[in-house]
Amino acid sequence: QVQLVESGGGLVQAGGSLRLSCAASEFTFSSYTTAWFRQAPGKEREFVAGISGGSRDYADSVKGRFTVFRDNAKNAVDLQMSSLKTEDTAVYYCAARGGRRIVNSADLYGYWGRGTQVTVSS
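Notes on the structure follow. (Residues numbered from 1 in each chain as written. Predicted model: local features only at pLDDT ≥ 70, side-chain atom pairs only at ≥ 80, totals over all residues. Heavy atoms only, no water.)

A positive phi angle is found at N75, which is not glycine, with a value near 50°. Despite not being glycine, S83 has its phi angle at roughly 50°, a positive value. Within the secondary structure, S83 is located in the loop between β8 (76-81) and β9 (90-97). With relative accessibility at 41%, the residue S83 sits in the partly exposed group. (Helix = DSSP H or I, 4+ residues; strand = E, 2+ residues; numbered from the N terminus. Buried < 20%, exposed > 50% of the residue type's maximum accessible area, 1.4 Å probe, protein only.)

Along strand β1 (residues 3-7), the buried face is formed by L4 and E6; none of Q3, V5 and S7, which line the opposite face, is buried. Strand direction decides the pairing type here: β1 and strand β3 (residues 18-25), joined by 5 bridges, are antiparallel. By the bridge assignment for β3, Q3 is matched with S25. (Pairing = 2+ DSSP bridges.)

What follows deals with the pattern of salt bridges. The final tally for this structure, using the stated rule, is 6 salt bridges. Taking the shortest distance from any N to any O, the salt bridge between R38 and E46 comes out at 2.6 Å. Since its relative accessible area comes to 5%, R38 is described here as buried. What emerges from the salt-bridge pattern is a single network uniting R38, E46, R65 and D88. (Salt bridge = Lys/Arg side-chain N within 4 Å of Asp/Glu carboxyl O.)

See the structure below:
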């Protein structure tokens, strides 16, 4: 059974950095499209970044600050977050889907992790 497990969340001051990691069992990331979503209290879950093969896509709100990359040796997909803002505070989820197209709709991802909390303080 596919399991995605996020790690690396925590509390950080505005302007700081965090690196999230998504590890998987029974799953090879290089064969799937993987994305990071986030959900803040009272808000819809929103697309943050995605990676498929050599392609990457980012939400406008994180472009230039976040980088998504795949670590094949660890079989993980990481999200490096820099210049964090208080509005980045949310639970961050890793998700995966078959196929090569990066999509920003959460409904189209069939595999999900449980999430990791990121809190950015002012």
